[in-house]
Amino acid sequence: MSSIPNSAMPHAKVHHDDDHKPKPDAKKTAATSDWVEDATDAAKAGLATATDAVKSHPKTAIAVGATVIAGIAAAIAAPAMRAKDAAEKKAPPKKPEPKKPAKAKKAH
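Residues numbered from 1 in each chain as written. Predicted model: local features only at pLDDT ≥ 70, side-chain atom pairs only at ≥ 80, totals over all residues. Heavy atoms only, no water.

(A) Structural detail: the overall build of the chain. Assigned secondary structure in the chain consists of two helices and zero strands. Taking all 108 residues of the chain together, the buried fraction comes to 0%. (Helix = DSSP H or I, 4+ residues; strand = E, 2+ residues; numbered from the N terminus. Buried < 20%, exposed > 50% of the residue type's maximum accessible area, 1.4 Å probe, protein only.)

Structure (structure tokens):
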């Protein structure tokens, strides 16, 4: 292997991968970037609003956060508790009653 750096030999770059790249469609790229920019702007505005609300009402923000965490915990725990209750409610299988002996046939 050569110890010559690539910057000294720019002509030695591999070009076979560059030929197979599809060219992006200008219409799709513009529409996608507009949508992404709009979503980013909306997210920044929402984050700014939330930050301002937290700064002006910190105790309320803590209460809301605790409520959200409690809701998540309940959503996780509820199915587990239902499964546990269902398992406990199942009655053990009944033992079959002993069979009565058959009556003897009368002779005529």
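(B) Molecular detail of the environment of threonine 51. Take threonine 51: it is sitting in helix H1 (residues 26–56). Spatially, the C-alpha atom of threonine 51 lies 9.9 Å from that of alanine 61, the residues being ten residues apart in sequence. A polar contact of 2.7 Å, which involves the side chain of threonine 51, links it to the backbone oxygen of leucine 47. (Polar contact = N/O pair within 3.5 Å; in protein donor to acceptor, adjacent residues only side chain to side chain.)

(C) A look at a nonpolar patch on the surface. Taken together, the side chains of Val64, Val68, Ile72 and Ile76 define a hydrophobic patch exposed on the protein surface, amounting to about 380 Å² of accessible area. Locating valine 64 in the fold gives a position in helix H2 (residues 58–89). Overall, the relative accessible area of 46% leaves valine 64 in the partly exposed class. (Patch = residues over 30% accessible without salt bridge, like charges linked within 9 Å, V, L, I, M, F, W, Y side chains within 5 Å. Areas by Shrake-Rupley, 256 points an atom, 1.4 Å probe, with all protein chains shown as cover. Salt bridge = Lys/Arg side-chain N within 4 Å of Asp/Glu carboxyl O.)

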